[in-house]
Amino acid sequence: MNSTAPLLQVEHLTLDYRLPRRRLFAPPPHHRALDDVSLTLARGESLAVVGESGSGKSTLARTVLALERPQAGRVVLLGRDVFALPADELRKLRRHAQMVFQDPYGSLDPRRKVGWIVAEPLDALEQGVESAERRARIAETLQSVGLQSGDADKFPHEFSGGQRQRIAIARALITRPALIVADEAVSALDVSVQAQVLNLLMDLRERLGLSYLFISHDLAVVRQVADRVMVLRDGRVVEEGEVEGLFRAPQHPYTRALLAAVPRIGVPRRRVTAAP
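Residues numbered from 1 in each chain as written. Predicted model: local features only at pLDDT ≥ 70, side-chain atom pairs only at ≥ 80, totals over all residues. Heavy atoms only, no water.

Focus: the packing of aromatic side chains
Cut-off, in case you're wondering: Pairing of aromatic side chains requires ring centres within 6.5 Å, counting the rings of Phe and Tyr and the six-membered ring of Trp. Pairs whose planes differ by under 30 degrees are stacked, by over 60 edge-to-face, and all others tilted. Here, a charge over a ring means that NZ of Lys or CZ of Arg falls within 6 Å of the ring centre while also lying within 35 degrees of the ring normal.
Applying the stated criterion to the full structure yields 0 aromatic pairs. The ring of Trp116 carries the charged tip of Arg112 above its face, separated from the ring centre by 4.1 Å.

Points about the pattern of salt bridges
Rule in force here: By convention in these notes, a salt bridge is any Lys or Arg side-chain nitrogen within 4 Å of a carboxyl oxygen on Asp or Glu.
Applying the stated criterion to the full structure yields 17 salt bridges. In this structure, Asp81 engages Arg74 in a salt bridge whose closest nitrogen and oxygen atoms are separated by 3.8 Å. Note that Arg80 and Glu89 form a salt bridge whose closest N and O atoms lie 3.2 Å from each other. Sharing partners across several salt bridges, the network here consists of Arg95, Glu126, Glu133 and Arg137.

A look at helix α6 (residues 191–208)
So the rule is basically this: Here a strand is any run of E in DSSP of at least two residues, a helix any run of H or I of at least four, and the numbering for each starts at the N terminus. Multiplying 1.5 Å by the residue count of a helix minus one yields the expected span of that helix. We call a residue buried when its accessible area falls under 20% of the maximum for its residue type, exposed when it is over 50%, and partly exposed in between, using a 1.4 Å probe and counting protein chains only. We call two residues contacting when some pair of their heavy atoms lies within 4.5 Å.
Taking 1.5 Å of rise per residue, 18 residues should cover 26 Å, and α6 covers 25 Å from first to last C-alpha, within 8% of that figure. Every buried residue of α6 is accounted for by Val193, Gln194, Ala195, Val197, Leu198, Asn199, Leu200, Leu201, Met202 and Leu204. Among the structural elements, α4 (131–144), α5 (161–173), β8 (211–216) and α7 (219–225) are those in contact with the buried residues of α6. Once α6 ends, the next one or two residues include Gly209, with phi positive near 70 degrees.

Considerations on the environment of Arg62
For Arg62, the location among the structural elements is in helix α1 (residues 57–64). By relative accessible area, Arg62 is classed as partly exposed at 28%. Not counting residues up to four positions away in its chain, the partners in contact with Arg62 are Tyr17, Leu67, Glu68 and Met99.

Some points on the sheet that holds strand β3 (residues 46–50)
Let me state the cut-off plainly: Two strands make a pair as long as DSSP finds a minimum of two bridges between them. Whenever a helix is involved, its axis is fitted only over the stretch in contact; in every case the axis is a line through C-alpha atoms, and angles between N-to-C directions fall within 0 to 180 degrees.
The strand order across the open sheet built from 6 strands is β6-β7-β8-β3-β9-β10, with neighbouring strands paired in mixed fashion. The sheet is open, and its two borders are formed by β6 (97–100) and β10 (236–242), each paired with just one other strand. Neighbour-to-neighbour, the strand axes of the sheet open up by a mean angle of 15 degrees, direction not taken into account. In the sheet, β3 pairs with strand β9 (residues 228–233) via 4 bridges, with the strands oriented parallel. Pairing of Val50 across the sheet is with Val231, part of β9.

Let's talk about unusual backbone geometry
At His12, a residue that is not glycine, the phi angle is positive and equals roughly 55 degrees. Position of His12 among the secondary structure elements: in strand β1 (residues 8–18). One non-glycine residue, Leu78, adopts positive backbone phi at about 55 degrees. In this structure Leu78 comes out as buried when scored by relative accessible area, which is 13%.

Observations concerning the side chain of Asp81
Looking at the secondary structure, you find Asp81 in strand β5 (residues 80–81). Overall, Asp81 belongs to the buried group, its relative accessible area being 19%. Ignoring sequence-local partners within four residues, the contact set of Asp81 consists of Arg74, Val75 and Val76.

Quick look at the pairing of β10
With 6 bridges joining them, β9 and β10 adopt antiparallel strand pairing. Within β10, the position partnered with Val229 by the bridge is Gly241. Linkage of β9 to β10, two consecutive antiparallel strands, is achieved through a turn of 2 residues, within which Asp234 is found at a positive phi near 50 degrees.

A short note on the packing of helix α3 (residues 114–125) against α5
A pair of packed helices is captured by two measures, namely the crossing angle of their axes and the spacing between those axes. Quick reminder of the rule: Here is the rule for handedness: rotate from the far helix to the near one, and if that takes an anticlockwise turn smaller than a right angle the crossing is left-handed, while a clockwise turn gives right-handed. Each residue gets one label: Ala, Val, Leu, Ile, Met, Phe, Trp, Tyr, Cys and Pro are nonpolar, Asp, Glu, Lys and Arg are charged, and the others, such as Gly, are polar.
For the pair α3 and α5, the least separation of the axes is 6 Å and the interaxial angle reads 35 degrees. Considering the relative orientation of α3 and α5, their crossing is right-handed. Residues Val114, Ile117, Val118, Glu120 and Pro121 of α3 lie in contact with α5, whose contacting residues are Ile167, Ala170 and Arg171. Grouping the amino acids of the contact of α3 with α5 by side-chain chemistry returns 6 nonpolar, no polar and 2 charged.

Set out below in C-alpha coordinates:
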(Lines give C-alpha, C1' and ligand atoms only; values in the text may rest on other atoms or scores of the structure.)
Protein backbone atom coordinates (compact mmCIF):
# COMPACT_ATOMS: atom_id res chain seq x y z
CA MET A 1 0.00 0.00 0.00
CA ASN A 2 1.32 3.47 -0.94
CA SER A 3 2.03 5.28 2.34
CA THR A 4 1.98 8.65 0.57
CA ALA A 5 -1.56 8.17 -0.74
CA PRO A 6 -4.37 10.00 1.12
CA LEU A 7 -5.86 8.10 4.01
CA LEU A 8 -9.35 9.30 3.10
CA GLN A 9 -10.83 10.66 -0.11
CA VAL A 10 -14.42 11.86 -0.34
CA GLU A 11 -15.54 12.54 -3.90
CA HIS A 12 -18.69 14.47 -4.87
CA LEU A 13 -20.97 13.16 -2.14
CA THR A 14 -24.65 13.92 -2.58
CA LEU A 15 -27.18 12.65 -0.06
CA ASP A 16 -30.92 13.37 0.10
CA TYR A 17 -33.35 12.58 2.90
CA ARG A 18 -36.97 11.89 2.07
CA LEU A 19 -39.38 14.11 4.02
CA PRO A 20 -43.03 13.41 4.95
CA ARG A 21 -45.60 14.02 2.22
CA ARG A 22 -47.29 17.41 2.38
CA ARG A 23 -50.31 16.32 0.33
CA LEU A 24 -51.87 12.89 -0.03
CA PHE A 25 -51.04 12.23 -3.68
CA ALA A 26 -48.02 14.51 -4.05
CA PRO A 27 -44.55 12.99 -4.34
CA PRO A 28 -42.59 13.14 -1.08
CA PRO A 29 -40.23 16.11 -0.86
CA HIS A 30 -36.50 15.69 -0.26
CA HIS A 31 -33.95 17.53 1.80
CA ARG A 32 -30.44 17.70 0.34
CA ALA A 33 -28.15 17.12 3.34
CA LEU A 34 -24.92 16.88 1.30
CA ASP A 35 -24.48 18.58 -2.04
CA ASP A 36 -21.38 17.60 -4.08
CA VAL A 37 -19.02 17.46 -1.07
CA SER A 38 -15.39 16.46 -1.62
CA LEU A 39 -12.40 16.34 0.73
CA THR A 40 -9.01 14.70 1.14
CA LEU A 41 -7.38 13.75 4.43
CA ALA A 42 -3.70 12.82 4.64
CA ARG A 43 -2.20 10.39 7.12
CA GLY A 44 -1.54 12.10 10.44
CA GLU A 45 -3.59 15.17 9.46
CA SER A 46 -6.45 16.82 11.35
CA LEU A 47 -9.26 18.29 9.25
CA ALA A 48 -12.08 20.20 10.94
CA VAL A 49 -15.53 20.45 9.37
CA VAL A 50 -17.46 23.43 10.73
CA GLY A 51 -20.87 24.97 10.25
CA GLU A 52 -24.10 25.73 12.02
CA SER A 53 -26.62 23.12 13.09
CA GLY A 54 -28.18 21.55 10.00
CA SER A 55 -25.22 22.32 7.74
CA GLY A 56 -24.56 18.63 7.04
CA LYS A 57 -21.54 18.08 9.31
CA SER A 58 -22.84 15.02 11.16
CA THR A 59 -24.33 13.56 7.98
CA LEU A 60 -20.89 13.81 6.40
CA ALA A 61 -19.33 12.07 9.41
CA ARG A 62 -21.82 9.19 9.24
CA THR A 63 -21.38 8.85 5.48
CA VAL A 64 -17.59 8.69 5.79
CA LEU A 65 -18.08 5.76 8.19
CA ALA A 66 -20.59 4.12 5.81
CA LEU A 67 -23.42 4.55 8.32
CA GLU A 68 -25.32 6.51 5.65
CA ARG A 69 -25.38 5.68 1.95
CA PRO A 70 -25.26 8.60 -0.50
CA GLN A 71 -27.20 8.85 -3.75
CA ALA A 72 -23.97 9.84 -5.54
CA GLY A 73 -20.24 10.05 -4.86
CA ARG A 74 -17.54 7.88 -3.31
CA VAL A 75 -15.76 7.44 0.01
CA VAL A 76 -12.31 5.89 -0.43
CA LEU A 77 -10.61 4.78 2.80
CA LEU A 78 -7.13 3.28 2.64
CA GLY A 79 -7.54 3.04 -1.13
CA ARG A 80 -10.83 1.13 -0.99
CA ASP A 81 -14.23 2.40 -2.08
CA VAL A 82 -16.31 1.64 1.00
CA PHE A 83 -19.66 1.52 -0.82
CA ALA A 84 -18.34 -0.93 -3.40
CA LEU A 85 -17.21 -3.50 -0.82
CA PRO A 86 -19.15 -6.64 0.10
CA ALA A 87 -20.40 -6.71 3.69
CA ASP A 88 -17.62 -8.89 5.08
CA GLU A 89 -14.89 -6.72 3.54
CA LEU A 90 -16.56 -3.55 4.80
CA ARG A 91 -16.65 -5.01 8.31
CA LYS A 92 -12.91 -5.64 8.15
CA LEU A 93 -12.28 -2.10 6.92
CA ARG A 94 -14.34 -0.56 9.72
CA ARG A 95 -11.65 -1.30 12.30
CA HIS A 96 -9.49 1.35 10.62
CA ALA A 97 -12.03 4.16 11.16
CA GLN A 98 -13.86 4.74 14.43
CA MET A 99 -16.09 7.47 15.86
CA VAL A 100 -16.19 9.43 19.12
CA PHE A 101 -19.70 10.73 19.73
CA GLN A 102 -20.83 13.97 21.34
CA ASP A 103 -22.64 12.72 24.43
CA PRO A 104 -20.39 10.94 26.97
CA TYR A 105 -23.50 9.92 28.91
CA GLY A 106 -25.82 8.60 26.22
CA SER A 107 -23.12 6.86 24.18
CA LEU A 108 -22.11 4.43 26.98
CA ASP A 109 -24.38 1.54 27.99
CA PRO A 110 -25.03 2.07 31.74
CA ARG A 111 -25.72 -1.66 32.25
CA ARG A 112 -22.27 -2.74 31.03
CA LYS A 113 -18.89 -2.51 32.70
CA VAL A 114 -16.25 -0.32 31.13
CA GLY A 115 -14.15 -3.26 29.95
CA TRP A 116 -17.07 -4.62 27.92
CA ILE A 117 -17.84 -1.16 26.51
CA VAL A 118 -14.24 -0.52 25.44
CA ALA A 119 -13.87 -3.97 23.88
CA GLU A 120 -17.18 -3.86 21.96
CA PRO A 121 -15.64 -2.78 18.61
CA LEU A 122 -12.83 -5.30 19.06
CA ASP A 123 -15.32 -8.10 19.63
CA ALA A 124 -17.42 -7.02 16.65
CA LEU A 125 -14.68 -6.32 14.11
CA GLU A 126 -11.74 -8.59 14.94
CA GLN A 127 -12.42 -12.29 15.06
CA GLY A 128 -10.33 -14.76 17.02
CA VAL A 129 -8.88 -12.44 19.68
CA GLU A 130 -8.00 -14.63 22.65
CA SER A 131 -9.20 -13.64 26.12
CA ALA A 132 -5.70 -12.86 27.44
CA GLU A 133 -4.97 -10.57 24.50
CA ARG A 134 -8.41 -8.98 24.87
CA ARG A 135 -7.76 -8.15 28.54
CA ALA A 136 -4.32 -6.77 27.67
CA ARG A 137 -5.75 -4.60 24.88
CA ILE A 138 -8.43 -3.22 27.22
CA ALA A 139 -5.87 -2.37 29.91
CA GLU A 140 -3.43 -0.84 27.44
CA THR A 141 -6.12 1.28 25.81
CA LEU A 142 -7.55 2.55 29.11
CA GLN A 143 -4.07 3.57 30.22
CA SER A 144 -3.45 5.35 26.92
CA VAL A 145 -6.34 7.73 27.65
CA GLY A 146 -5.30 8.44 31.24
CA LEU A 147 -7.44 5.87 33.04
CA GLN A 148 -6.44 2.83 35.09
CA SER A 149 -6.60 -0.79 34.00
CA GLY A 150 -8.78 -1.51 37.05
CA ASP A 151 -11.41 0.87 35.68
CA ALA A 152 -12.46 -1.95 33.35
CA ASP A 153 -14.44 -3.46 36.24
CA LYS A 154 -16.45 -0.30 36.97
CA PHE A 155 -19.71 1.02 35.53
CA PRO A 156 -20.09 4.31 33.63
CA HIS A 157 -22.01 6.01 36.46
CA GLU A 158 -18.86 5.85 38.60
CA PHE A 159 -17.08 8.34 36.32
CA SER A 160 -17.29 12.05 35.64
CA GLY A 161 -18.28 13.45 32.22
CA GLY A 162 -14.68 13.97 31.19
CA GLN A 163 -13.72 10.46 32.28
CA ARG A 164 -16.67 9.03 30.36
CA GLN A 165 -15.47 10.76 27.22
CA ARG A 166 -12.04 9.21 27.82
CA ILE A 167 -13.80 5.84 27.94
CA ALA A 168 -15.51 6.68 24.63
CA ILE A 169 -12.12 7.57 23.13
CA ALA A 170 -10.67 4.31 24.43
CA ARG A 171 -13.51 2.42 22.74
CA ALA A 172 -12.63 4.14 19.47
CA LEU A 173 -8.93 3.29 19.89
CA ILE A 174 -9.26 -0.40 20.80
CA THR A 175 -9.10 -1.56 17.16
CA ARG A 176 -6.00 0.60 16.57
CA PRO A 177 -7.61 2.70 13.82
CA ALA A 178 -5.90 5.10 11.45
CA LEU A 179 -8.84 7.55 11.42
CA ILE A 180 -10.91 8.96 14.26
CA VAL A 181 -14.10 10.83 13.41
CA ALA A 182 -14.86 13.10 16.38
CA ASP A 183 -18.43 14.40 16.13
CA GLU A 184 -18.70 17.37 18.53
CA ALA A 185 -16.58 15.30 20.91
CA VAL A 186 -16.09 18.04 23.53
CA SER A 187 -19.18 20.22 23.12
CA ALA A 188 -21.05 18.59 26.03
CA LEU A 189 -18.16 19.15 28.47
CA ASP A 190 -17.25 22.05 30.73
CA VAL A 191 -14.56 24.36 29.35
CA SER A 192 -11.81 23.13 31.69
CA VAL A 193 -12.69 19.49 30.91
CA GLN A 194 -12.79 20.32 27.20
CA ALA A 195 -9.19 21.47 27.47
CA GLN A 196 -8.11 18.20 29.06
CA VAL A 197 -9.85 16.08 26.42
CA LEU A 198 -8.49 18.19 23.56
CA ASN A 199 -4.97 17.85 24.94
CA LEU A 200 -5.51 14.09 25.12
CA LEU A 201 -6.64 13.97 21.48
CA MET A 202 -3.60 15.99 20.40
CA ASP A 203 -1.25 13.75 22.38
CA LEU A 204 -2.81 10.60 20.92
CA ARG A 205 -2.35 12.01 17.44
CA GLU A 206 1.35 12.50 18.08
CA ARG A 207 1.87 9.16 19.79
CA LEU A 208 -0.22 6.97 17.50
CA GLY A 209 -0.06 8.84 14.19
CA LEU A 210 -3.83 9.25 14.08
CA SER A 211 -5.77 11.26 11.53
CA TYR A 212 -8.83 13.21 12.69
CA LEU A 213 -11.98 14.32 10.97
CA PHE A 214 -13.12 16.78 13.62
CA ILE A 215 -16.78 17.84 13.41
CA SER A 216 -17.50 20.99 15.38
CA HIS A 217 -19.48 24.22 15.53
CA ASP A 218 -16.93 25.78 17.93
CA LEU A 219 -14.31 27.62 15.90
CA ALA A 220 -12.21 28.41 18.96
CA VAL A 221 -11.85 24.66 19.57
CA VAL A 222 -11.17 24.02 15.88
CA ARG A 223 -8.25 26.44 15.88
CA GLN A 224 -6.56 24.42 18.60
CA VAL A 225 -6.76 21.00 16.95
CA ALA A 226 -6.99 21.36 13.16
CA ASP A 227 -4.44 21.69 10.37
CA ARG A 228 -7.13 22.54 7.83
CA VAL A 229 -10.74 23.72 8.03
CA MET A 230 -13.67 23.05 5.72
CA VAL A 231 -16.80 25.20 6.12
CA LEU A 232 -20.19 23.66 5.30
CA ARG A 233 -23.40 25.59 4.73
CA ASP A 234 -26.65 23.88 3.71
CA GLY A 235 -24.74 20.78 2.69
CA ARG A 236 -22.24 22.58 0.43
CA VAL A 237 -18.58 23.44 0.95
CA VAL A 238 -18.33 27.23 0.88
CA GLU A 239 -14.67 27.58 1.92
CA GLU A 240 -11.68 25.51 2.94
CA GLY A 241 -8.02 26.07 3.67
CA GLU A 242 -5.17 25.99 6.17
CA VAL A 243 -6.45 26.88 9.61
CA GLU A 244 -4.35 30.00 10.22
CA GLY A 245 -4.93 31.39 6.74
CA LEU A 246 -8.67 30.86 6.91
CA PHE A 247 -8.94 32.38 10.38
CA ARG A 248 -6.76 35.35 9.43
CA ALA A 249 -8.41 36.14 6.08
CA PRO A 250 -11.76 34.33 5.53
CA GLN A 251 -13.06 34.77 2.00
CA HIS A 252 -16.72 33.77 2.22
CA PRO A 253 -19.28 35.97 4.04
CA TYR A 254 -20.65 32.93 5.89
CA THR A 255 -17.19 32.09 7.25
CA ARG A 256 -16.70 35.70 8.31
CA ALA A 257 -20.04 35.61 10.12
CA LEU A 258 -19.08 32.41 11.95
CA LEU A 259 -15.77 33.91 13.03
CA ALA A 260 -17.36 37.18 14.12
CA ALA A 261 -19.69 35.26 16.44
CA VAL A 262 -16.81 33.76 18.46
CA PRO A 263 -15.16 36.31 20.79
CA ARG A 264 -12.23 33.99 21.64
CA ILE A 265 -11.14 33.70 18.03
CA GLY A 266 -8.48 36.40 18.34
CA VAL A 267 -6.46 34.32 20.81
CA PRO A 268 -3.26 33.00 19.15
CA ARG A 269 -3.15 29.30 18.40
CA ARG A 270 -1.51 27.32 21.18
CA ARG A 271 -1.80 24.17 23.18
CA VAL A 272 -5.05 24.07 25.12
CA THR A 273 -4.72 24.79 28.82
CA ALA A 274 -7.25 23.93 31.48
CA ALA A 275 -8.51 26.47 33.95
CA PRO A 276 -6.69 26.32 37.30
